[in-house]
Structures are given as structure tokens and as C-alpha cells.
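# Architecture at a glance
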Amino acid sequence: MRRHLTQELHNFIERGRDRQLRLAVTGLSRAGKTAFLTSLVHQLRHAGLEARLDLLRAAREGRLLGAQRVAQPDLGVPRFPYDAAMASLDGTPPHWPAPTRGISELRLTIKHRTRRARGLLGDTATLTLDLIDYPGEWLLDLPLLEHDFLSWSEAQQTAMGNERQRLAATWLSSAKALAPDDEADESQLAEIAGHYADALRASREAGFADLQPGRFLLPGDLEDAPVLQFFPLPGVGEANRAELDALPETSVYKTLARRFDHYRRHVVKPFYREHFRRFDRQIVLVDVLGALNAGPERFEDLSRALSTLMRSFDYGKRSLMSRLFSPRIDRLAIAATKADHVTPEQHPNVVALLESLLAEPLKDLRYADVPVKALSLAAVRATEPREVDNDGQRRAALRGTTLDGEDVLLFPGDVPPRLPERGFWARQGFDFTAFRPPLRDTPELPHVRMDAALDWLIGDKLT
């Protein structure tokens, strides 16, 4: 107990001195969070040695001395599996780390020399950086805090386009057979909830992102619990709220509404309170190229999911009191991942497309004077850019190894600089190839603009 109190006091003092940062690495499933965190830790641990971090000012000036992993403050949260992730990247053949199945944290202490006047090196200082990772599926639950069961059911019906309805045909037929005033049957509701979970999983495999509740996709310790045995009720809406509210407690509608409310209050709210209200900095990772590959309906779905997700975070300027008692995110990066899947001259288009995808939340953030930076990056660079002769003309190409182990040289094509119109997909589809990690004979972990992301997220604390 005494040791725990001592650690809490130390954290309190360090936050008051602004020598401790909590960084949230957010993004929906398959955005590359695990690879990003693994690379971030590796780059900082090898700073000044094998890591190339020229865009991080402290590294460029020779002031970054390195980083160490230390014991994390919350002993009830698993440690981020850095060693297992590196073992995947160092495998024969190398492969991408497994995605996280639950919340994990990792604490780094970053040692650097301070800057004095006229560029002279000063004393050694230490920044404590807490990194927090969690399944992308669970992020999808945060917007539920804005809903009750009726408004959520109506929103889900609106969001479900033709393809998702096709994937959810079994659930839809069984759910539409229910009447809101039917007597609730526990086994029937459990069966229909199972069909709904199957539909969500099928939609995820098909490339959709805006899928709720997220715990249906990755239930964790709630597997088979009654709290996960609910689903949106087709055909209900605000127009018949009064008659629905008057139904008996044993009705289908009231039973589903009660379970939804329990899920929101006892699963989503504690998760938000314990993990999402204590961040100082945030990076949102987005798989823009994967969304382009998936087509217009999934692309629009991703845009909607990200917009609602970002409303769940608390952004704004920090003062000493807010830093100590009510932390809020005071700097944000949004990053298009897997930038190495297209040729370098396409990277500006990737960033422009990302900003178009997040246009509305970015307007709100800039209006609130929250510093935001958009960039493209590859946490682990899996390809090498080449320039090759093609019918007498020099063309940009990529060399890499596909997930199937085939060495290829290809022209990945162009990325549109703005949101494509739906008719665009009818004229031109996208087929950006996925690559496996590179074989390495040195400790260096190649990347694209990880140093730029680090400079934006923590560079101002390394002065």
C-alpha cells in the first residue's frame, strides 16, 4: 500500500511539472495500432544507435539518449506485448504482430539532454511516457453514450446499407418476426442476439467499420453474458416512443431496452471513465488505403464511424489544474497508415484524402484551437520505392513481398486527393496490395515518418 501511494504521489508531482504524458493510440480494427506501438517503442529504445529519427528534433540535435521500459502504474492492466510483437517481425518468415485482444499499457522513461541558449547542451532530463492500447472494436462503443435504446435502434437502421442488410439477412428476418409488445422469451432473444453478432462479424470481414456494439465482436470476459444478448429492434423510431414507453416490463422492447441501458451504464461508461478521460495526447490511425480497396459503401461507413468516435474524446487547452485533476487531449495527430503501400509521390494525396475523410471533426477541433497534424506513415516500412522503365518512360514502382510470400515489383496506382464520388468506383476500382514485414539483417526497424509523428506528439517535451 505504501509503495502504491508513493508511486501515485510521484505521478502527481511529475504531472504538475509536465514531465509525464499519457498518449492514446486510437484507431479502428486493422488500422495498425499494434505495429505502430511496437515501432514507436523500438525507435525510442534505439535512438542514437540504429534508429533513424531525423525529423525528431531532439534526435537530430543529438540530445535524445534513448528510452527504457519500466513498471507501469496500473498493475491490473496487462503490459503491451512488445517482445512478442518484435518476435513476429523477426520471424522466419517475418509476419505482422497479432492484434490486441484487450487493453494493454506500457510505460517508457525517455532520457534526453535539455537545450540551453545558443544551442548548448544542458542537463539530463527524463520524460515519462505512458502508452495505452485497446481493441479497435471497443472504441465503437463510445458513441453509445449519446443514445438510449430507441435512438440507437433507429440510428442502426439508418446506417445499414444494402450490403450490410444482405450480410445480416438471417438476423433481420428473425428480428422482424418480433413485435415490440411480445412477451420476451430469453432463449429466443439469445438466439437472435447470436445472429446479430454473426452479422457484425460478417460485416467486419467485408470491410465495414461502423459496427456496434463493439463487444459483440470481441466480448472478452463478457462472452455469453446476458448483457450481450440484445440487438436493435427494426421498425421502431421516435414517432412511437410514447406507446413503446407504456409497454410492460416483460415485453420484448422493454427487455431489450433494459439490457442496452445496463450495457451502456456498466460496460461502456466505466471503460470510458477509467481509460479515456485521462489522456494528454492522441494519435488516430486510419487505414485509408484499405477503405479505398473496400469500395464506396465501406468508405462512407468508415467516415461516419470516425466522425462519431472523435466526438467521444475531450479536447482542449491544458492548464496546471487540468493537467493534475482533469486531463484533456491538447495535441492530436491523425495518420494514414501503410503509406509504404503506395509510391512516395502519392503520399500528399493520401494526407489530403485523410483530411477530407475527417473534414467535419477537424473543423470542430480547429475551431476549438486544438493543434492537429495530419500525416501519412508506415510504422514498419515493408517496401522499397523504385523507378523503372515502362515503355520508354520512367515510372515510380514498389518492390516488396506479398503476404503469400511472392516477391513483386508493381505499380500500385494513384490515390485520389479528395473523397471520390460514388460513380468513381464504377469507372475505377482500387487494388492496393498488402505486404509482409521486411527481412532484416540489422536491428534497424525501417519506417516512414514515425519520427515526424514522434516530433509532433512528444517533441515539445524534449527541449
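Everything discussed here concerns the structure shown above.
Please read these numbers as outputs of a predicted model, since none were measured by experiment.

## A word on the overall build of the protein chain
Secondary structure assignment for the protein chain yields 18 helices and ten strands. Taking 23 Å as the expected radius of gyration for a compact globule of 463 residues, we find that the protein chain reaches 24 Å, a close match to that expectation. Projected onto the principal axes, the alpha-carbon positions of the protein chain cover approximately 75 × 70 × 45 Å. Counting only residues that meet the buried cut, the protein chain has 54% of its 463 residues in that class. Restricting the contact set of the protein chain to residue pairs at least 6 apart, pairs at least 24 apart contribute 76%. Approximately 21,300 Å² of the protein chain is accessible, and the part contributed by carbon and sulfur atoms is 49%.

## Points about helix H11 (residues 252-275)
Relative to the 34 Å expected for 24 residues at 1.5 Å per residue, H11 spans 33 Å between its end C-alpha atoms, a close match to the ideal helical length. At Val268, H11 shows its maximal bend, which comes to roughly 30 degrees, and the proline Pro270 appears one to four places after that position.

## Comments concerning the pairing of strand S7 (residues 372-376)
Here S7 lies mainly inside the structure; four of its five residues are buried. In this structure, strand S6 (residues 331-336) lies alongside S7, joined through five bridges in parallel fashion. Paired with Ile334 across the strands is Ala374, a residue of S7.

## Concerning the layout of surface pockets
One number sums up the size of the largest pocket: a volume of about 1,300 Å³. In terms of lining residues, the largest pocket is bounded by 49 residues, among which Ser29, Arg30, Ala31, Asp287 and Lys338 are the most central. Within the residue set of the lining of the largest pocket, elements represented by two or more residues are helix H2 (33-45), helix H5 (136-139), strand S5 (281-286), helix H12 (288-294) and helix H13 (296-310). Broken down by element, the lining of the largest pocket gets its largest block of residues, five residues, from H12. By residue class, the composition of the lining of the largest pocket is 30 nonpolar, ten polar and nine charged.

## Some thoughts on the environment of Ser173
One can find Ser173 in helix H8 (residues 169-176). Residues Ser173 and Pro234, spaced 61 residues apart in sequence, show a C-alpha to C-alpha distance of 9.9 Å.

## Section: the nonpolar core
Nonpolar side chains in soluble globular proteins tend to be buried together. Counting 87 residues, the largest nonpolar core has Trp171, Phe231 and Leu292 as its most contacted members. Of all the elements, H11 adds the most residues to this core, at ten residues. In terms of nonpolar packing, the next biggest core, distinct from the first, is built from 43 residues, Leu56, Ala67, Leu108 and Leu454 among them.

## Notes on the packing of aromatic side chains
Per the counting criterion, the structure on display carries 13 aromatic pairs. Judged by centre distance (6.4 Å) and plane angle (90 degrees), the ring pair of Tyr134 and Phe271 falls under edge-to-face. Of this pair, Tyr134 sits in the loop between strand S4 (121-133) and H5 while Phe271 sits in helix H11, and the two are 137 residues apart along the sequence. Taking relative accessible area as the criterion, Phe271 reaches 7% and is therefore assigned buried. Judged by centre distance (5.1 Å) and plane angle (25 degrees), the rings of Trp152 and Phe260 are stacked. Placement of Trp152 in helix H6 (residues 149-159) and of Phe260 in helix H11 is noted, with a sequence separation of 108 residues between them. Chaining the aromatic ring pairs together yields one cluster made of Phe149, Trp152, Trp171, Tyr196, Phe216, Phe230, Tyr253, Phe260 and Tyr263. Lying across the ring of Phe271, Arg215 places its NZ or CZ 5.9 Å from the centre.

## Here's the deal with the sheet that holds strand S8 (residues 383-390)
With respect to topology, three strands assemble into an open sheet ordered S8-S9-S10, the strand pairing being antiparallel. The sheet is open, and its two edges are formed by S8 and strand S10 (407-410), each paired on a single side. Taking each pair of neighbouring strands and ignoring which way they run, the sheet shows an average axis angle of 30 degrees. Direction of pairing for strand S9 (residues 393-401) relative to S10: antiparallel, over a ladder of four bridges. By the bridge assignment for S10, Gly400 is matched with Val408.

## Quick notes on the environment of Glu345
With respect to the helices and strands, the residue Glu345 is situated in the loop between S6 and helix H15 (347-357). A relative accessible area of 47% places Glu345 in the partly exposed class. Taking the C-alpha atoms as reference points, Glu345 and Asp414, separated by 69 residues in sequence, lie 9.3 Å from one another. At 2.8 Å, the side chain of Glu345 forms a polar contact with the side chain of Thr343.

Definitions and cut-offs
- Numbering of residues begins from 1 in every chain and follows the order in which that chain's sequence is written.
- Totals for whole chains, interfaces and linings use all residues, but because this is a predicted model, local features are given only for residues with pLDDT of at least 70 and pairs of side-chain atoms are given and counted only at 80 or more.
- Calculated side-chain values reflect all of the structure's heavy atoms, with hydrogen atoms and water omitted.
- Think of it this way: any DSSP run of H or I at least four residues long counts as a helix, any run of E at least two long counts as a strand, and we number them from the N terminus.
- Using C-alpha atoms as the atom set, the radius of gyration is obtained and then compared with a globule rule of 2.2 Å times the number of residues to the power 0.38.
- Classification of residues uses two cut-offs on accessible area relative to the type maximum, computed with a 1.4 Å probe and protein chains only: under 20% is buried, over 50% is exposed, and between them is partly exposed.
- Note on contacts: a residue pair qualifies if any of its non-hydrogen atoms lie within 4.5 Å across the two residues.
- Using a 1.4 Å probe, accessible areas were evaluated by the Shrake-Rupley method; residue-level cover was limited to the displayed protein chains.
- The span one expects for a helix is its residue count, reduced by one, times 1.5 Å.
- Two axes define the bend at a residue: one fitted to the seven residues ending there, one fitted to the seven starting there, and the bend is the angle between them.
- Criterion used throughout: strands pair if DSSP finds at least two bridges between them.
- A 1.4 Å probe that fits but cannot get out identifies a cavity on a 1 Å grid over protein atoms alone, an open set with protein on both sides within 12 Å along at least five of seven lines counts as a pocket, and a residue lines either if it has an atom within 4 Å of a point.
- Grid points are joined across faces, edges and corners, and a volume is the space filled by probe spheres set on the points.
- Just so you know the grouping, Ala, Val, Leu, Ile, Met, Phe, Trp, Tyr, Cys and Pro go in nonpolar, Asp, Glu, Lys and Arg go in charged, and all remaining residues, Gly too, go in polar.
- Nonpolar cores were defined as sets of buried Ala, Val, Leu, Ile, Met, Phe, Trp, Tyr and Cys residues, with membership established by side-chain atoms within 4.5 Å.
- When two rings of Phe, Tyr or Trp (its six-membered ring) have centres within 6.5 Å they constitute a pair, described as stacked for plane angles under 30 degrees, edge-to-face for angles over 60, and tilted for the intermediate range.
- For a lysine, the NZ atom is tested; for an arginine, the CZ atom; a charge sits over a ring if that atom is within 6 Å of the ring centre and within 35 degrees of the ring normal.
- To get an axis, fit a line to the C-alpha atoms, keeping to the stretch in contact for a helix; angles then go from 0 to 180 degrees between the N-to-C directions.
- In protein, a polar contact requires one atom able to donate a hydrogen and another able to accept it; more generally it is a pair of N or O atoms within 3.5 Å, and residues adjacent in sequence count only if both atoms are side-chain atoms.

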